[in-house]
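Reading the structure
What follows is the residue order along each chain.
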Amino acid sequence: MCEAGPRGRMLEVEDLYTEFKIDQGIVHAVNGISYAVDEREIVGMVGESGCGKTVSQLSVMQLIRRPGRIAGGKVWFEGVNLLEYRPNSPEMRAIRGGKISMIFQEPMTSLNPTLTIGRQITESLELHLGMNKKEARARAIELLDQVGIPSAASRLDDYPHQFSGGMRQRVMIAIGVACEPKMVIADEPTTALDCTTQAQLLELMLATIDRCQGALVLVTHNLGVVARYAQRLYIMYAGKIVEEGRCRDIFYRPSHPYTIGLLNSVPRLDEAKGKRLVPIWGTPPNLIDPPARCAFYPRCPERTERCRVEPWPELKPVEGEGHLVRCYMREGGRGA
Amino acid sequence: MNEARATETRLVGRPQDAEVSVAVPANDVILKVEDLRMYFPITRGLLKRKVGEVKAVDGVSFTIRRGETLGLVGESGCGKTTVGRCISRIYQPTDGRIWFEHREISKLAEKEFRPLRRHIAVIFQDPYGSLDPRQTAGSIVGEPLEIHKMVRSKAEYRERVAGLFAKVGLDPALMSRYPHEFSGGQRQRIGIARALAGDPSLIICDEPVSALDVSIQAQIINLLMDLKEGSSGLTYIFIAHDLSVVKHISDRIAVMYLGRVVEITTPAELYSNPIHPYTRALLSAVCVPDPDIEATRERIVLEGEVPSPVNPPSGCTFHARCPEATPACKTTVPKLTMVAEDHEVACLRVAEAAVKEEQ
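Within each chain, residue numbers correspond to sequence positions counted from 1 in written order. Chain letters and ligand numbers both follow the written order, the letters beginning at A and the numbers at 1. Thresholds applied to this predicted model are a pLDDT of at least 70 for local features of residues and 80 or more for the giving and counting of side-chain atom pairs; totals over whole chains, interfaces and linings are not thresholded and use all residues.

1. What about the overall build of chain A?
Where helices and strands are cited, they refer to DSSP runs of H or I of at least four residues and of E of at least two residues respectively, numbered from the N terminus. Check the secondary structure of chain A and you find eleven helices and twelve strands. The C-alpha atoms of chain A give a radius of gyration of 21 Å, which matches the 20 Å a tight globule of 336 residues would have. For the C-alpha atoms alone, the extent of chain A along its principal axes is close to 65 × 50 × 40 Å. Residues counted as buried form 48% of the 336 residues belonging to chain A. In this description the radius of gyration comes from C-alpha coordinates, and the expected globular size is given by 2.2 Å times residues to the power 0.38. Three classes are used. A residue is buried when 20 or more other C-beta atoms lie within 10 Å of its own, exposed when 12 or fewer do, and partly exposed in between, with C-beta atoms placed from the backbone.

Next up, the structure:
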């Protein structure tokens, strides 16, 4: 089943909605997003906490638990809509960890503390690739070795708590690429780690994914990391994609006021002294039953009456290939 | 101004009030730290037998001038927070001396230190954990005023608290709310207002923006910078692991590795002329939000991980990971050496080069 999705892309998410029903109302965590990932492409998914970037990725994997539910949309992967499978179906299980794998943010909590590292790697090798115990073990040693764990063979029977944070994240990477997936989703893969360890692991992750010829979705709030690694970016705000395009277009021709705000609000290592940061005023919106208008309206320096009364604008093209922006102020003309 | 306060001010020689004000030289040293050491004992068994030590801070020296912002940067476990906590006497240092306003404070008994405490304030990292959930925002901010008996009437108290709220950009009408009713950024403002309540001359900011979202970070950084600008001689120690943030806010930066300062200099010099191999690796690990610059920047990827401070490597603690280490680095502890004005580095290779140049 190796045909491509509708537009020849490996993954195509169409109009995805995920919501959480809580006592106070419905949280519209993912509020109709569409995005695509090509083969071997590195795509950045950028936004602040609560913007829905993680939930959208968990939805693709059908890892949303109650009170959450996927309320609509399609996830095309290799010609099939994954949302037609039940979350626990054998088909979905074959996808998870086999064809699409996920590397989580917290290496401390996302490894099972009661299983040895070796078992957590061989599990998916036996399940997805049908290896026997001996083969899987040999492959696990090879994988740990590849991610730079010293004396891998002797550490296979150790438990997660016997590894440092950086080492655990290496194990996570090894698990993530064990079955040579088509696509790896890395959710803030290095945020919990120190700078120099971050650098080590990002390079390692990229090299490892490159070796198995997979694509990568890099979910992060760190603009520096995507500037370095991503080819295309999606900027999320309040459950929607507000801007998308090639990495260079987003950085050199940012168009949505939120994207511009983000870029102006981070201190840069290479900036001249005395440059003042321009913060985005206010706070991120509450996603419980939000108004239909643009969610950035209360914080937007360019807002107009139209933004207040009309619903969210559509994504419209601006200068740059595949560069789209969701803003009334950018309609009918070039980007800012 | 009540009498107790005025005396106390004179006690520490702080020219804060008009009547005791004296001219302050531009390079007046407000804090001096000399060979600070903080070892935490590791105990085992029923009798709490000491089996080892965590050398969190192992010989740190620096001075801070009045009105300056000193950035302390390094990775987790490098001792930057411990340095801050020794200065604010949350920890009693194992060894070393600390002078604050020309008075040695490291050996003071708790009772003697207490009146000084309001002059050295701390802003903590976690805006969720560091505020008492059962206290109103107003009482959190106003508590130092009561403890240090800085107000005489309820009306004055309320006025001062409202003033502090306004100063950090919070609506004084929110004084009766509880911490959970505030967002992360607002809570950090409450923490800052509380730190300002004692009218401190030194504020130790311990990762004050690390827990905040990018767009909120800038608000707090600007607030901290504005507060300093609007006061005479407010001094910061800004502790953070994010080099971009530290570089933005600091006048000088001390880079720490495993309990020691390896390099200390100005932000511009640190960026354009980093000398210690660890500083260079740390700088190269930070990504700049600019694809073209990122495409050309050299990246130094270090081998291995930060060793445990329980059993730190001999000599220069960085030698095992250092791409330029020589056999001498394994045995000799490098001292901070002046390489240029306002630029000190603790690296044997640098010391060697300096000797060669002299010959």
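2. Section: the overall build of chain B
Helices and strands together make up the secondary structure of chain B, namely twelve helices and twelve strands. The C-alpha atoms of chain B give a radius of gyration of 22 Å, which matches the 21 Å a tight globule of 359 residues would have. Considering only C-alpha atoms, chain B reaches an extent of 65 × 55 × 50 Å along its principal axes. Looking at chain B as a whole, 43% of its 359 residues are labelled buried. Summarising the internal contacts of chain B: among those between residues at least 6 apart in sequence, 64% fall at separations of at least 24. We call two residues in contact when the distance between their C-beta atoms, placed using the backbone, is within 7 Å.

3. Quick notes on the packing of helix α3 (residues 117-129) of chain A against helix α6 (residues 165-177) of chain A
Residues and elements named next belong to chain A. Here an axis means a line fitted to C-alpha atoms, over the contact stretch when the element is a helix, while the angle between two N-to-C directions is reported on a 0 to 180 degree scale. Between α3 and α6, the shortest axis-to-axis distance is 9 Å and the interhelical angle comes to 15°. Classed by the angle they form, the pair α3 and α6 counts as roughly parallel. In the crossing of α3 with α6, the sense of the turn from one axis to the other is right-handed. Residues I117, Q120, I121 and S124 of α3 touch α6, and the partners they reach there are V171, A174 and I175. Orientation is classified from the angle alone, with under 35 degrees giving roughly parallel, over 145 giving roughly antiparallel, 65 to 115 giving roughly perpendicular, and any other angle giving oblique. Less than a right angle of anticlockwise turn of the near helix away from the far helix marks a crossing as left-handed, whereas a clockwise turn marks it as right-handed.

4. A closer look at the interface of chain A and chain B
In this complex, chain A contributes 39 residues to the contact, which on the side of chain B involves 36 residues. Of all elements in the fold, only α7 (195-211), α8 (223-229), α9 (247-252) and α10 (257-265) of chain A reach the threshold of two or more residues within the side of chain A that touches chain B. Along the lines of polarity and charge, the residues of the side of chain A that touches chain B split into 17 nonpolar, 13 polar and nine charged. Only Asp, Glu, Lys and Arg are considered charged in this grouping, and only Ala, Val, Leu, Ile, Met, Phe, Trp, Tyr, Cys and Pro are considered nonpolar; every other residue, Gly among them, is considered polar.

5. Describing the nonpolar core
Here is a general trend for soluble globular proteins: nonpolar side chains tend to be buried in one another's company. The term nonpolar core refers to a set of buried Ala, Val, Leu, Ile, Met, Phe, Trp, Tyr and Cys residues connected through C-beta atoms within 7 Å. A:A174, A:V217, A:L218, A:V226, A:I235, B:A193 and B:V255 are the most contacted members of the largest nonpolar core, which totals 180 residues. If sequence neighbours within four positions are ignored, A:I235 has contacts with A:V46, A:G47, A:I241, A:V242, A:E243, A:I250, A:H256, A:Y258 and A:T259.

6. A short note on the sheet that holds strand β4 (residues 68-77) of chain A
Residues and elements named next belong to chain A. Strands were regarded as paired on the criterion that DSSP finds at least two bridges between them. Pairing is antiparallel across the open sheet formed by four strands, whose spatial order is β2-β1-β4-β5. Single-partner strands in this sheet number two, and they are β2 (25-37) and β5 (80-81). Sheet topology places strand β1 (residues 11-22) next to β4; eight bridges connect them, and they run antiparallel. Residue pairing across strands places L11 opposite F77, the latter belonging to β4. Most of the contacts of helix α1 (residues 53-60) go to β1, to which it runs at about 110°, and overall it touches β1, β2 and β4.

7. Remarks on the sheet that holds strand β8 (residues 235-240) of chain B
All names here are of chain B. Across the sheet, eight strands lie side by side as β6-β7-β8-β3-β9-β10-β12-β11; this open sheet has mixed pairing. Each edge of the open sheet carries a strand with a single partner, namely β6 (120-123) and β11 (337-340). Neighbour to neighbour, the strand axes of the sheet diverge by 25° on average, direction disregarded. Where strand β3 (residues 69-73) meets strand β9 (residues 252-257), four bridges bridge the pair, whose relative direction is parallel. Each residue of the ladder has a partner; that of V73, found in β9, is V255. On top of the sheet, helix α10 (residues 277-285) reaches β9 and β10 (260-265); it is set at about 105° to β9, its chief contact.

8. Here we look at the confidence of the model for chain B
Reading predicted coordinates in detail is not appropriate for stretches of low pLDDT. Residue and element names in this part refer to chain B. Each residue carries a pLDDT score, the predictor's own confidence in it, on a scale running from 0 to 100. Across chain B, pLDDT averages 87, with 91% of residues at or above 70. Note on residues 1-26: pLDDT under 50 across the span, and 28 contacts to partners over four residues away in sequence or across chains. Reported for the predicted complex are a pTM of 0.86 and an ipTM of 0.83.

9. Comments concerning the pairing of strand β3 (residues 42-46) of chain A
Residues and elements named next belong to chain A. Of all five residues making up β3, five are buried, and the element is well covered by its neighbours. Burial of β3 is two-sided: the residues I42, G44 and V46 facing one way and the residues V43 and M45 facing the other way are all buried. Relative to strand β8 (residues 215-220), β3 runs parallel, the two sharing five bridges. Within β8, the residue paired with V46 across the bridge is T220.

10. Side note on the packing of helix α6 (residues 184-197) of chain B against helix α7 (residues 214-229) of chain B
Two numbers describe a pair of packed helices, the interaxial angle and the distance between the axes. All names here are of chain B. The geometry of α6 relative to α7 is characterised by a closest axis approach of 10 Å and an angle of 20° between their N-to-C directions. On the basis of the axis angle, α6 is roughly parallel to α7. The hand of the α6/α7 crossing is right-handed. Between α6 and α7, the residues in contact are G184, G185, Q188 and I192 and I216, Q219, I220 and L223, respectively.

11. Some remarks on unusual backbone geometry
Residues and elements named next belong to chain A. Put simply, R66 and P67 share a cis peptide bond, and its omega is 10°. As for its position among the elements, P67 is in the loop between α1 and β4. Not every positive phi belongs to a glycine, and E180 is a case in point at roughly 45°. Within the element layout of this structure, E180 appears in the loop between α6 and β7 (183-187).

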